[in-house]
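Structure at a glance
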Amino acid sequence: AVVSTQSTGGKHEEAYTEGYPVLRRALLDSIERAMTCKWKPDLRGYFTYHRHFSFLCSLLNRNLGEVHGHAALYKSMLKRNEWYYWYTMMLGCCIHLNKYRDALILSVAGLSSLLMDSSDPRISKNIQVQTVYLAALLGYNECVSETIGSLLYNNPHVTGIWNLFYTVSHRLTRPRLHRLGVRWLCKNKNDFNGLFYNGLHTYRHKHFNAGITFYRQCLAQRPQDPNVYFHLMLFYLHWVSSKNADISKRRHEFVVQAVACAFMFHQLRGPCQETLYNLGRCYHALGLRHFATIYYKRAMSVPSSVPRSVQEQLDSMTEDRGQGLEPLEMNDIDHIREVVYNLCEVYKASGSDHLARQLLYQHCVI
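A short tour of the structure in this document, coming up. Values in this document were obtained by computation on a predicted structure and should not be read as measured data. (Residues numbered from 1 in each chain as written. Predicted model: local features only at pLDDT ≥ 70, side-chain atom pairs only at ≥ 80, totals over all residues. Heavy atoms only, no water.)

1. Topic: the overall build of the chain
When helices and strands are tallied, the chain shows 19 helices and zero strands. Going through the 366 residues of the chain one by one, you find that 43% of them count as buried. Partitioning the contacts of the chain with sequence separation of at least 6, the portion at a separation of at least 24 is 62%. (Helix = DSSP H or I, 4+ residues; strand = E, 2+ residues; numbered from the N terminus. Buried < 20%, exposed > 50% of the residue type's maximum accessible area, 1.4 Å probe, protein only. Contact = heavy atoms within 4.5 Å.)

2. Notes on the nonpolar core
Judged by nonpolar contacts, the single largest core of 89 residues is most densely connected at Leu23, Tyr87, Met90, Leu106, Phe165 and Tyr215. Here Leu23 is in contact with Trp83, Trp86, Tyr87, Met90 and Leu106, once residues within four sequence places are set aside. (Core = buried A, V, L, I, M, F, W, Y, C linked by side-chain atoms within 4.5 Å.)

3. Examining the packing of aromatic side chains
Following the criterion strictly, the structure yields 17 aromatic pairs and no others. Ring geometry for Phe165 against Tyr197: centres 5.1 Å apart, planes inclined by 50 degrees, an arrangement best described as tilted. Of this pair, Phe165 sits in helix H9 (residues 159-171) while Tyr197 sits in helix H11 (residues 192-204), placing them 32 residues apart in sequence. On the accessibility criterion, Phe165 (0% relative accessible area) is buried. On the accessibility criterion, Tyr197 (2% relative accessible area) is buried. Aromatic pair Tyr215 and Phe235: ring centres 5.4 Å apart, planes at 50 degrees, arrangement tilted. (Phe/Tyr/Trp six-rings, centres within 6.5 Å; stacked < 30°, edge-to-face > 60°.)

4. A look at the environment of Pro223
Considering the arrangement of structural elements, one finds Pro223 in the loop between helix H12 (208-221) and helix H13 (226-241). Leaving out residues up to four positions away in the same chain, Pro223 has contacts with Tyr229 and Leu268.

5. Observations regarding the pattern of salt bridges
By the definition in use, this model includes one salt bridge. Note that Arg269 is salt-bridged to Glu274, the shortest N-O span being 3.1 Å. Here Glu274 falls in the partly exposed class, since its relative accessible area comes to 23%. (Salt bridge = Lys/Arg side-chain N within 4 Å of Asp/Glu carboxyl O.)

6. Here's the deal with the packing of H11 against H13
Close contact between H11 and H13 brings their axes to 12 Å; oriented N to C, the two are set at 25 degrees. As far as their axial angle goes, H13 and H11 are roughly parallel. Classified by chirality, the crossing of H13 by H11 is left-handed. Two secondary-structure elements touch here, H11 through Phe192, Phe196, Gly199, Leu200, Thr202 and Tyr203 and H13 through Val228, His231, Leu234, Phe235 and His238. The residue makeup of the contact of H11 with H13, split by class, is seven nonpolar, four polar and no charged. (Axes fitted to C-alpha atoms, helices over the stretch in contact; angles between N-to-C directions. Parallel < 35°, antiparallel > 145°, perpendicular 65-115°, else oblique. Left-handed = near helix turned anticlockwise from the far one by under 90°. Nonpolar A, V, L, I, M, F, W, Y, C, P; charged D, E, K, R; others polar.)

7. Thoughts on helix H14 (residues 251-269)
Note on helix geometry: an α-helix contains 3.6 residues per turn, so any two residues three or four positions apart are oriented the same way. With 19 residues, H14 extends 27 Å between its outermost C-alpha atoms, agreeing within 8% with the 27 Å of an ideal straight helix rising 1.5 Å per residue. Turning to H14, its buried residues number three or more, namely Phe254, Ala258, Val259, Cys261, Ala262, Phe265, His266 and Arg269. One side of H14 carries all its buried residues, which in axial view fall inside an arc of 155 degrees. Exposed and facing more than 90 degrees away from the buried side of H14 are His252, Val256 and Gln267. In the core, the buried residues of H14 are packed alongside H13 and helix H15 (273-285). Looking one or two places after H14, you find Gly270, whose phi comes out positive at around 100 degrees. (Expected span 1.5 Å × (residues − 1). Arc of directions from axis to C-beta.)

8. Remarks on the environment of Gly287
Within the secondary structure, Gly287 sits in the loop between H15 and helix H16 (289-301). Overall, Gly287 belongs to the partly exposed group, its relative accessible area being 42%. When the C-alpha positions of Gly287 and Val346 are compared, they lie 9.9 Å apart, and in sequence the two are 59 residues distant.

9. Quick look at the side chain of Ser107
With respect to the helices and strands, Ser107 occurs in helix H6 (residues 100-112). Residue contacts for Ser107: discarding those within four places in its chain leaves Tyr87, Ile127, Thr131 and Leu134.

See below:
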């Protein structure tokens, strides 16, 4: 099956048909026998692995006692790195064919299988991240809470894991995962990712004063980060727009702060369509429609482009097209429709309905 999968030359359907059943059977047959036991010396590890194994059995609709360990037989066939290479290739085929449930079965089986047991910690971390992404994509958010928690504490400096942690905690209704992030911040008070995450959480619950405090601490650590200025602008804009009587005397101060953060974001990110649109949107939210019209028109005249750092990420994703990843098109980063729609709202508010209809017909009609 390995030879036939490698010789298909990018034919994902044939590779999936020939290789997936064999690899799935091998991973299931090589699961550790201790997973099916009711007791294990390391209770913390037992509960984590037992939940993975129970979730796998719920996906397969099989009982725990039906799986038996045959890891020694399969280890004699291929090396561990060859098993992992086959696993990643089959995972790419499943994702390319939109068979996400089958990919999730492979990843969860890889967590419990002894064939993926390696001295390289990056392999286990990759499998865990793949499991969390696939489970979150399919809506199994409660099943990945233990995995994302262990990933967060073992890799606290990886921004992508914090983004995934925020996505999962945002979808879950229980505050247990958020308390995990708060405990992490209490133990590491100067951690940038922890401050950024808690700032996002306060924004979701409209606690603007606490969120501004978090992002000011982030700004003290990274004064040249445009994302911090962008989120500070959002906090000030929402705080000004709220009906809180306590800020009525400081409302003009917060307006100046919001505009200053918008211009700092424009300066650090560079003049492009995105920054000009955000400047116009800032003035539009403050009710200064004549300034918003200026920047909306500037954003329409600038072609869609991205900063150099983002362009490098897009190029790297384009190079991975053969592994099931499709490159981003220019429409994914073109904000011309958003710019035109907001400009039309300004025109409608001023009574120029004919200009609004003309712009909508020219840019927003398919």
